[in-house]
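If you want the building blocks of each chain, they are given just below.
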Amino acid sequence: MTQEARVSTVVESLTKAPRNIAFPQKDGRPQLISEIFGQNVFSFKQMSSRLPKPVYSTFLKQLRGNETIDKTTADAIAHAVKVWAMERGATHFTHWFQPQTDSTAEKHDSFLTLKSSFEKGFEEVECLDSLSGSQLLQSEPDASSFPSGGMRSTFEARGYTIWDTKSPMFLQEGPHGTSILYVPSVFISYNGQALDEKTVLLRSSEVLAKNALDVLDLIFDPENDERVNQVHTSLGTEQEYFLIDRALYTLRPDLKITGRTLIGGLPPRHQQLEDHYFGKIPSRVLAAMSECEYELYKLGVPCKTRHNEVAPAQFELAPIYEEAMIAVDHNLLTMDVLHRVAHRHKLKVLFHEKPFKGVNGSGKHCNWSLSTDNGINLLEPTAKPEENYRFLLFLLATLKALEDHGDLLRAGIASASNDHRLGAHEAPPGIISAFLGDHLTEVLNAIEEDRPLKTFGAPEMQSVRVGGTVLDLKVATLPNIARDLTDRNRTSPFAFTGNKFEFRAVGSKQSVSFPVTLLNSAVASSLKEVAEALRKQKGDKQYATKEDQLAVIKQFIKITKNVRFEGDNYSDAWVKEAEKRGLPNIVNSYDAFTRLREPRNAEMLSRVGVFTNEELESRYHILMEKYAKDVRIEAQTLLTMVVQLIMPATFSYRKDLAQAASLLKDVEAGCEPELKVLKELTPILIDLQKAVVTLEAEIAATDDITDDIAALCKKSQAILLPAMEAVRSYADQLEGIVGDKYWPLPKYTELFLNI
């Protein structure tokens, strides 16, 4: 690969006609989002219109009671959804599930069924389109071919996918104008162990709801409160990603194989001017975004926001918050649709947390809260949070979860790819702490110290308002704007942002199921402690009084102080302060994974009923093994690129320089410039060759570890990553010296700008 191929690729990307789609029209105008939204979803509304009323009522009762669906109901739903899907071109259906691969899996089965009859001894075969209740409820993939952490061997292949009845079925486009019916499902082994991400998420949501209801029942005020029957986790996932030209992507083996560039130096201009964030979206990217949103609206995904992110070629798509299990499904759908739509626009979407060294990486900020069936956000502070004891109890329960199991949450976001982003002054560090803001911090301090709340005085540009402030912009034509109770701290891994917590440390590539499962479990455990404290405090009374609640609030304020931090999480001072407080600073994935085995974490996950000991041990092995494999793949890819691409390109350049110097010397024209470049180039090339030998030896050293996955993970981190960094440093130096026409890879400038 030479400059000629790179240039022709860029020219092609700039001259080809853009993709245009016909947006659906109605009455001479584009259809409204509300008219498109959910048209490919078999929603409750669709179900109610197509099922007999008694069957639909039975289904809702079974859902509310968490009961098993009976055969009659399952057959009726299967027939109704088959007819609905076939009316829209469906020929196949699939159980769509989430194995422990940070992705989804599917196996397509057609609706085709053969019915045999016999006439005078001859078989007559008739073709039918059918979907039975048993086919809808259950399917059987090969459980031994997915990550299982030792729970399944090759000869123990049976596994089951089971329809998640709380997640609606939907249609996706298939080939040749057809479509496919998707049935969201869980995935378990023959013995009932969870092999997926969704089963444990559903368990954690149920136990969290149960313990939250317990607390609400204890603090119930018959005169002022409406009885709550259900609590669910609310989740909004902000998906960050990069978009680059697909033709240029195909010229980068590292991007194709590992998802990130293993070689490449920063161009003179990247993100230092701070002009890309919220800047004008490139037209080609905007066209892809718009088409992606159109596809997602049809699937019922509530896309809300799109914008440029900080790094060049980096963007974000954020939805409206939904119930957690639906939000996870929708985030995985979003990633899938982004990938497919980008392909149509000759673009490639990169979800890796750090595809380009030296500029910001990508995260998936998870906005988490708890909501009731009567529309109350339990993390809504209201105008006077100091008097909202319900809010304070749930706030403190969440802080207690971080205090007790912050290291477990760190394990939930650990991966080889996210290690490149965490702590890099663009994402939170490895210390899990919570930011509340000045106002809520003052509320908690005042309650603890049993003193009046300080007045949040306003400087000249502000006027005080109950529960907050109003900013006066001093411009007659502009209105006053409402100011939130808290500022935003983007350095915090777990920041309170008005009426929710923002878990900022989650990686952009990973499924959010696992980190949210761990968060739900930890909060469920702390809510159990809050409930026990309330019971003890109230004694024989039916409900905890305000005085009882305040006593428990004071108790939990004291025991959660360590995990609260309002300052700069990037600073060295915080690292020292966190150490004094006893908060762990977990800087790499290996150390994070070991926290899954920490007795207090393992005991909690088992006690709340989210993981069995076997399932947790399996998860530990899967994560360790994946880390080791990811790093090894990167090391081997880098080795291949340097040996087969970088060094040959450098040899060609040296040869041409040497020949030019020799010819110039013969004609006495002076060859000092060429010799100077040669002398600069040669030591770097020699160092690169030595670094390659070292990397080869380190890769071989990991081959000797065959029976201890934890040791392999630790050694991969300890020896392969430094060896790779050494190789890269020399290769990047050569990129700045070797003539551009010799360089075999598209450079960062080309990747950033040609979109």
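The name an unreviewed UniProt entry assigns to the protein chain is Glutamine synthetase, from the organism Umbelopsis vinacea. Quoted verbatim from the Sequence similarities (unreviewed entry) field of the UniProt record, the comment on the protein chain reads "Belongs to the glutamine synthetase family."

**Describing the overall build of the protein chain**
A count of helical and extended segments in the protein chain gives 22 helices and 23 strands. Against the 2.2 N^0.38 benchmark of 27 Å for 755 residues, the protein chain shows a C-alpha radius of gyration of 29 Å, consistent with a compact globule. Principal axes of the C-alpha set define a box for the protein chain whose edges measure 105 × 95 × 65 Å. Residues counted as buried form 53% of the 755 residues belonging to the protein chain. In the protein chain, the share of contacts with a sequence separation of at least 24, taken over all contacts with a separation of at least 6, comes to 73%. Accessible surface, the protein chain as shown: approximately 33,600 Å² in total, 52% of it carbon and sulfur.

**Here we look at the packing of helix H4 (residues 53-64) against helix H5 (residues 71-87)**
At a minimum axis distance of 10 Å, the contact between H4 and H5 shows a crossing angle of 115 degrees. Judged by the inter-axis angle, H4 sits roughly perpendicular to H5. Considering the relative orientation of H4 and H5, their crossing is left-handed. Facing Val55, Thr58, Phe59 and Gln62 of H4, the residues of H5 in contact are Thr73, Ala76 and Ile77. Residues of the contact of H4 with H5, tallied by class, amount to 4 nonpolar, 3 polar and no charged.

**Considerations on the pattern of salt bridges**
Tallied over the entire structure, the rule returns 45 salt bridges. Arg203 is the salt-bridge partner of Glu615, the closest N and O atoms lying 2.7 Å from each other. Here Arg203 lies in helix H7 (residues 198-218) and Glu615 lies in helix H19 (residues 613-666), a separation of 412 residues in the sequence. Residue Arg203 is classed as partly exposed on the basis of its relative accessible area of 23%. A salt bridge links Asp419 to Arg410; its shortest N-O distance comes to 3.9 Å. In this pair, the class of Asp419 matches that of Arg410, namely buried.

**Digging into the side chain of Asp254**
Along the chain, Asp254 falls in helix H9 (residues 253-258). Here the side chain of Asp254 touches Arg252 through a polar contact of 2.6 Å, side chain to side chain. Apart from residues lying up to four places away in sequence, Asp254 is in contact with Gly259, Arg260, Thr261, Leu262, Ile263, Thr637 and Met641.

**Observations concerning helix H15 (residues 546-559)**
Note on helix geometry: an α-helix contains 3.6 residues per turn, so any two residues three or four positions apart are oriented the same way. For H15, spanning 14 residues, the distance from its first C-alpha to its last is 20 Å, which sits close to the expected 20 Å at 1.5 Å a residue. Those residues of H15 that are buried are in contact with helix H12 (389-412), helix H13 (438-449) and helix H14 (513-538).

**Description of the packing of aromatic side chains**
With the rule as written, the count across this model stands at 27 aromatic pairs. Look at Phe391 and Phe496: their rings are 5.9 Å apart centre to centre, the planes differ by 55 degrees, and that puts the pair in the tilted class. Here Phe391 is found in helix H12, whereas its partner Phe496 is found in strand S22 (residues 494-496), with 105 residues between them in sequence. Pairing Phe593 with Tyr627 gives two aromatic rings, centres 6.4 Å apart and planes at 80 degrees, and the pair type is edge-to-face.

**Points about a nonpolar patch on the surface**
A contiguous nonpolar patch, built from Leu112, Leu114 and Val125 and spanning about 280 Å² of accessible area, is present on the exposed surface. Here Leu114 lies in strand S6 (residues 112-119). Taking the relative accessible area as the measure of exposure, Leu114 reaches 55% and is therefore exposed.

**What about unusual backbone geometry?**
A positive phi angle, near 70 degrees, is found at Ala313, a position not held by glycine. The residue Ala313 is located in the loop between strand S13 (303-308) and strand S14 (314-319) in this model. Phi angles above zero are rare outside glycine, and Asp450 is one such case at about 55 degrees. For Asp450, the position within the fold is in the loop between H13 and strand S19 (462-465). The exposed category is assigned to Asp450, whose relative accessible area is 62%.

**What to know about the pairing of strand S10 (residues 169-173)**
Where burial is concerned, most of S10 is hidden: 4 out of the 5 residues are buried. Note that strand S3 (residues 41-42) and S10 share 2 bridges and pair antiparallel. Each residue of the ladder has a partner; that of Phe42, found in S10, is Met169. Where S10 lies against strand S11 (residues 179-189), 4 bridges are found, and the strand directions are antiparallel. Pairing of Leu171 across the sheet is with Leu181, part of S11.

**So, the confidence of the model for the protein chain**
Residues shown with low pLDDT carry predicted positions that ought not to be read at fine detail. Per-residue confidence for the protein chain gives a mean pLDDT of 91; residues scoring 70 or more make up 94%. Confidence drops under pLDDT 50 across residues 457-467; counting only partners more than four residues distant or on other chains, this segment forms 24 contacts.

**Some words on the state of the cysteines**
In this structure the tally under the stated criterion is 0 disulfides. Cys303 supplies the cysteine sulfur nearest to Cys366, a cysteine that is in no disulfide, at a spacing of 16 Å.

**Structural notes on the pairing of strand S9 (residues 159-163)**
Across the 5 residues that make up S9, a large majority, 4, are buried. Bridge count for strand S8 (residues 138-139) against S9 is 2 bridges, and the pairing is antiparallel. Looking across to S9, one finds that Gln138 is bridged to Ile162.

**Looking at a negative patch on the surface**
On the surface, Glu119, Glu123, Glu124 and Glu126 cluster together into a patch of negative charge. For the negative patch, the leading source of residues is strand S7 (residues 122-129), giving 3 residues. Mapped onto the elements, Glu119 comes out in strand S6.

**Observations regarding the packing of H14 against H15**
Here H14 crosses H15 at 135 degrees, and the two axes come no closer than 9 Å. Between H14 and H15, the crossing angle belongs to the class labelled oblique. Remark: the crossing between H14 and H15 carries right-handed chirality. For the pair H14 and H15, contact is made by Glu529, Val530, Ala533, Leu534, Gln537 and Lys538 and by Asp548, Gln549, Ala551, Val552, Gln555 and Phe556, respectively. Within the contact of H14 with H15, the residues separate by chemical class into 6 nonpolar, 3 polar and 3 charged.

Thresholds, definitions, all that
Residue positions are given per chain, counted from 1 along the sequence in the order it is written. Two thresholds apply to this predicted model, a pLDDT of at least 70 for residue-level local features and 80 or more for giving and counting side-chain atom pairs, whereas whole-chain, interface and lining totals are computed over all residues. The side-chain quantities take in all heavy atoms of the structure and omit both hydrogens and water. UniProt positions are given in the numbering used here, feature names are shortened, and annotations may be inferred rather than shown by experiment. Runs of E in the DSSP output that reach at least two residues are strands. Runs of H or I that reach at least four are helices, and both are numbered from the N terminus. Atoms considered for the radius of gyration are the C-alpha atoms alone. The globule rule reads 2.2 Å times the number of residues to the power 0.38. Buried means the residue's accessible area, taken with a 1.4 Å probe over protein chains only, is under 20% of the maximum for its type, while exposed means over 50%, and partly exposed covers the values in between. Whether two residues touch is decided by their heavy atoms; if any such pair falls within 4.5 Å, the residues are in contact. Areas reported as accessible are Shrake-Rupley estimates using a 1.4 Å probe. Residue values count occlusion only from the protein chains shown. With axes taken as lines fitted to C-alpha atoms, and helix axes fitted only over the stretch in contact, angles between N-to-C directions fall between 0 and 180 degrees. Roughly parallel means an angle under 35 degrees; roughly antiparallel means over 145; roughly perpendicular covers 65 to 115; every other angle is labelled oblique. Each crossing gets its handedness from the near helix: less than a right angle anticlockwise from the far helix is left-handed, clockwise is right-handed. Under the convention adopted here, Pro, Cys and the residues Ala, Val, Leu, Ile, Met, Phe, Trp and Tyr are nonpolar, Asp, Glu, Lys and Arg are charged, and Gly plus all remaining residues are polar. A pair is scored as a salt bridge if a Lys or Arg side-chain nitrogen falls within 4 Å of a carboxyl oxygen belonging to Asp or Glu. Any pair of nitrogen or oxygen atoms within 3.5 Å is treated as a polar contact; in protein, a donor-acceptor pairing is required on top of that, and neighbouring residues in sequence qualify only through side-chain atoms on both sides. Here the expected length of a helix is defined as 1.5 Å per residue gap, with one fewer gap than residues. Only Phe, Tyr and Trp rings take part, Trp by its six-membered ring, and two of them pair if their centres are within 6.5 Å. Stacked means planes under 30 degrees apart, edge-to-face means over 60, and tilted covers everything else. Patches were defined on residues exceeding 30% relative accessible area and lacking a salt bridge, with like-charge contacts within 9 Å and nonpolar side-chain contacts (Val, Leu, Ile, Met, Phe, Trp, Tyr) within 5 Å. Note on pairing: two strands pair once DSSP finds at least 2 bridges between them. Per-residue confidence from the predictor is given as pLDDT, running between 0 and 100. In this description, a disulfide is simply a cysteine sulfur pair whose atoms lie within 2.5 Å. In this count, Lys and Arg are taken as positive residues and Asp and Glu as negative ones, while His and the chain termini are left out. A single reference atom marks each charge: NZ on Lys, CZ on Arg, CG on Asp, CD on Glu.

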